[in-house]
Structures are given as C-alpha cells and as structure tokens.
Amino acid sequence: MRLTTLCYIEKDDSYLMLHRTKKPGDISKDMWIGVGGHLEERESPAECLLREVKEETGLTLTSYRLRGIVTFLSDEAEGEYMFLYTADAFEGELTECEEGDLQFVNKKELHKLYFWTGDEIFLKLIRENHPFFELKLEYRGKTLKRAVLDGRELELLDILSEEFEVTGLTRERSIVHELGTWHRTSHVWVIRRKEQGFDVLLQKRSRNKDSFPGCYDISSAGHIPAGEDFTESAVRELREELGIQVAPQELYLIGVHKGTCDTSFRGTPFRNYEYSHVYIYDGTGLDTRQLKLQEEEVESVRWLDYEEGSAALFDGSIENCVFQEEWEMLKEYTVHAMRK
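Undergrad: What is the right way to look at the overall build of the chain in this model?
TA: What the chain contains, in helices and strands, is six helices and 19 strands. Overall, the chain is about 80 × 35 × 35 Å in size when its C-alpha atoms are taken along their principal axes. Among the 340 residues that make up the chain, the fraction classed as buried is 51%. When contacts within the chain are restricted to residue pairs at least 6 apart in sequence, those whose partners lie at least 24 apart make up 65%. Carbon and sulfur atoms form 46% of the exposed surface of the chain, whose accessible area is close to 16900 Å². Counting 43 positive and 66 negative side-chain charges, the chain places the centres of these two groups 3 Å from one another.

Undergrad: Before we go on, may I ask you to explain the side chain of Ser28 in this structure?
TA: With respect to the secondary-structure elements, Ser28 resides in the loop between β2 (14-20) and β3 (32-33). On the basis of relative accessible area, Ser28 is assigned to the buried category, the value being 7%. The contact partners of Ser28, leaving out residues within four places of it in the chain, are Arg20, Ile33 and Trp116.

Undergrad: Got a minute to help me understand the pairing of strand β13 (residues 182-193) in this structure?
TA: Side-chain positions along a regular strand alternate between the two faces of the sheet. Judged by how many residues are buried, β13 sits mostly within the fold: nine of 12 residues are covered. The pairing of β13 with strand β18 (residues 268-282) spans 10 bridges and is classified as parallel. Across the sheet, the residue bridging to Thr185 is Ser276, located in β18. With four bridges joining them, β13 and strand β16 (residues 220-223) adopt antiparallel strand pairing. Within the sheet, the bridge partner assigned to Val188 lies in β16 and is Ser220. Of the pairings in the sheet, the one linking β13 to strand β14 (residues 198-205) comprises three bridges and is antiparallel in character. The residue bridging Arg193 from the neighbouring strand is Phe198, located in β14. Where β13 hands over to β14, the hairpin turn is made up of four residues, of which Gly197 adopts a positive phi near 80°.

Undergrad: Explanation requested: the nonpolar core in the structure shown.
TA: In terms of nonpolar packing, the biggest core is built from 30 residues, with Tyr8, Leu84, Ile121, Phe122, Leu135 and Leu137 touching the most fellow members. The greatest single-element share of this core, amounting to five residues, is contributed by helix α2 (residues 119-127). Those residues within four positions of Ile121 in sequence are excluded, and the remaining contacts are Leu135, Leu137, Leu144, Ala147, Leu154, Glu172 and Ile175. Listed in part, the 20 residues of the second largest apolar core include Phe198, Val200, Ile280 and Leu330.

Undergrad: For this particular structure, what's the right way to read the pattern of salt bridges?
TA: Where charged atoms from two side chains of opposite charge come close, those side chains can pair. Evaluation of the coordinates by the stated rule reveals 36 salt bridges. A salt bridge links Asp199 to Lys194, with the nearest nitrogen and oxygen atoms 2.9 Å apart. Using a relative accessible area of 5% as the deciding quantity, one classes Asp199 as buried. Given the relative accessible area of 33%, Lys194 is considered partly exposed. The salt bridge involving Lys331 is made with Glu307; its shortest N-O contact spans 2.7 Å. With Lys331 in helix α6 (residues 324-338) and Glu307 in helix α5 (residues 306-312), the pair connects residues that are 24 residues apart, well separated along the chain.

Undergrad: Explain helix α4 (residues 230-242) here, please?
TA: Residues spaced three or four apart along an α-helix point in a common direction, a consequence of the helix completing one turn every 3.6 residues. For α4, built from 13 residues, the straight-helix expectation of 18 Å at 1.5 Å per residue is met to within 8% by its first-to-last C-alpha distance of 18 Å. Residues of α4 that are buried include every one of Phe230, Ser233, Ala234, Val235, Arg236, Glu237, Leu238, Glu241 and Leu242, and no others. Summarising the contacts, the buried residues of α4 are in contact with β13, β14, β16, β18 and β19 (298-305). At the N-terminal boundary of α4, the capping side chain belongs to Asp229, with an oxygen 3.3 Å from the backbone nitrogen of Thr231. Of the residues trailing α4, Gly243 is marked for its positive phi of about 75°.

Reading guide: rules and limits
- Residues numbered from 1 in each chain as written.
- Predicted model: local features only at pLDDT ≥ 70, side-chain atom pairs only at ≥ 80, totals over all residues.
- Heavy atoms only, no water.
- Helix = DSSP H or I, 4+ residues; strand = E, 2+ residues; numbered from the N terminus.
- Buried < 20%, exposed > 50% of the residue type's maximum accessible area, 1.4 Å probe, protein only.
- Contact = heavy atoms within 4.5 Å.
- Areas by Shrake-Rupley, 256 points an atom, 1.4 Å probe, with all protein chains shown as cover.
- Lys, Arg positive; Asp, Glu negative; His and termini not counted.
- Charge placed at Lys NZ, Arg CZ, Asp CG, Glu CD.
- Pairing = 2+ DSSP bridges.
- Core = buried A, V, L, I, M, F, W, Y, C linked by side-chain atoms within 4.5 Å.
- Salt bridge = Lys/Arg side-chain N within 4 Å of Asp/Glu carboxyl O.
- Expected span 1.5 Å × (residues − 1).
- Polar contact = N/O pair within 3.5 Å; in protein donor to acceptor, adjacent residues only side chain to side chain.

Below is the structure:
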C-alpha cells in the first residue's frame, strides 16, 4: 500500500481540478481529480502535500486542513492510503502541469466531469463538513464495487443509461437521490381476495426514514443493490421488511413503472428517478399479526379496500407516497386474474 496525498484547493466556490491527460500509464487517465502525489522517504503527509501542490500547480498553500483518510483498492493498480486535504488559501500564480490541465471548476458542476465515482462520496462528506472520516473504496476496473465509511457499509446502486440499461457503473445511494440518477427498484403489492373486489396491504414507513417519513407506501419495496436482479431483490425485501417468505415463482410481474419525484426532506433535496419492476403477491389468508416488521423501515401495516383506496390515497385523506399510475396497474391485473 502506497502513501499519497490528495488536495482540493478552493476558490470562489470552485475546486482546482486536474484533468489527467499527459501522464503515460496513468490509472486515472482522462479523469478529473484533485492535486497531490506520493510521499517520499522520510516525508510527512503535510510536507508531501505542500511539495506536490507547489510542483503541480506553482501555488504555495497558506491554509489547509486534513479531512480524512481514503483507502483506495483496485484490481488494476497497487493500493493506496490517501491523506485527503482541502485548502482555502494560497499564494502565487497557476503554472502548467506536466500531468494534465488545471482548471477551477464550480462545485455544483463537478458531477458532470469524468472521475472516479467514489470521489463523489468524499466530496459530499467534505461539503457537509463531516468530521474526520475513514473511507474505503474498492474498484473493479472503473466500477466502484464496495464503499465503507467509518466501518459502515454504504449502499451502492447500478447507474442506468437513458435506455434504462445497467451501465456497469455504480453510485452511492444518497448521491443517486441528490443528482436524480435513474436507478432500479422492486415493488411488491400484497393483495387478498374478497367476494367483492380485493384488499391491498399498505406499509406505513418509519418516521425515521430519510424520505416520506410516516407515509403509507407499497406493501414492500426497495432499491436494488448493485449486481442484484429485480426478483431477487423483491424476495429479499418482502422477507426483511415484513417477514414474508416467498419463492420467486410466487411473485407475478405485472409491469414496469418509471417514477419520478423532485422534492426535499429535512432541508435536503430528494430527486427520485426509479425504474421499477412491479409484482403482485397473493396474500389471501395472510395473518398480519404474524408479520415481523423491520422496525427501522416499517412502523405498521394495514389492509385497504382497493376501491376505497382509489379515492382516499389520491384525495389527500391518507398521507402516502404511492404513484397513482402504479396503483391503477393493480386493478387491471386483478380483474383479469379473478375472471380465471
């Protein structure tokens, strides 16, 4: 494991970024990154920082701060322990860099650049003034496969193309919702048949959720972790959220839904762009008193007659986060199925 420094120099709400285009054999070829380099023998991280910044940019830092340590692991290069800094004051004028082109880039525009997707995580931590942190990033090729913050696994989601195909790249969940990235989810509606019509099981989201706290929602739903498929995720979410054990063949796929929502919660923007497989599970005879609710996700559940719900959910009588067009998909399927 090599020891390196990485620094983001601030000026007028921008960071000095290095577009790495000139260095042969560079694992970060054509990417945008901060400035820094490897520690030399008997050199401290701070000494390395000051030297590398001077060599690469011509600037002399006069105010800087160590923000965290990033463990970088790749199947294509030797691992690194990176001492991550920000700097907010400097002297001198920018000079040409032998490794690429230097440019101050507005922080709000950084996501448009081509860089390691794990960098988004530590840049977000820095922006939120997170206390000193330890972040581990594991890559296969240019795809982020694992991220661990202060010993806690972070949730990574597959990034979708404009055609809703998996691109092979991943992004951390909170950043997906910050940027409005299309991602995959699985939705399972649990129903029970009656002599006239059918009921739908709704879950009430925990009040500690980061989005739509305390709202009624789909019976069971969840983001699909990177590398997992729709049905696998649906089966797992049913088990984890409600304690319902099902086989994949017990779920009936009724369609695909593309849902969008732009709002905010607790002062944080929330942009949800989800591509969902929608399933039905026939829970006729299900005793909800026997369910094992996942406390951090689900506060309670209730059965709601479909026809009554068609009014109450969408006239404001029941606080919820259900997509109306998805709700209407249930009627089309159940009417057809009950005629059999």
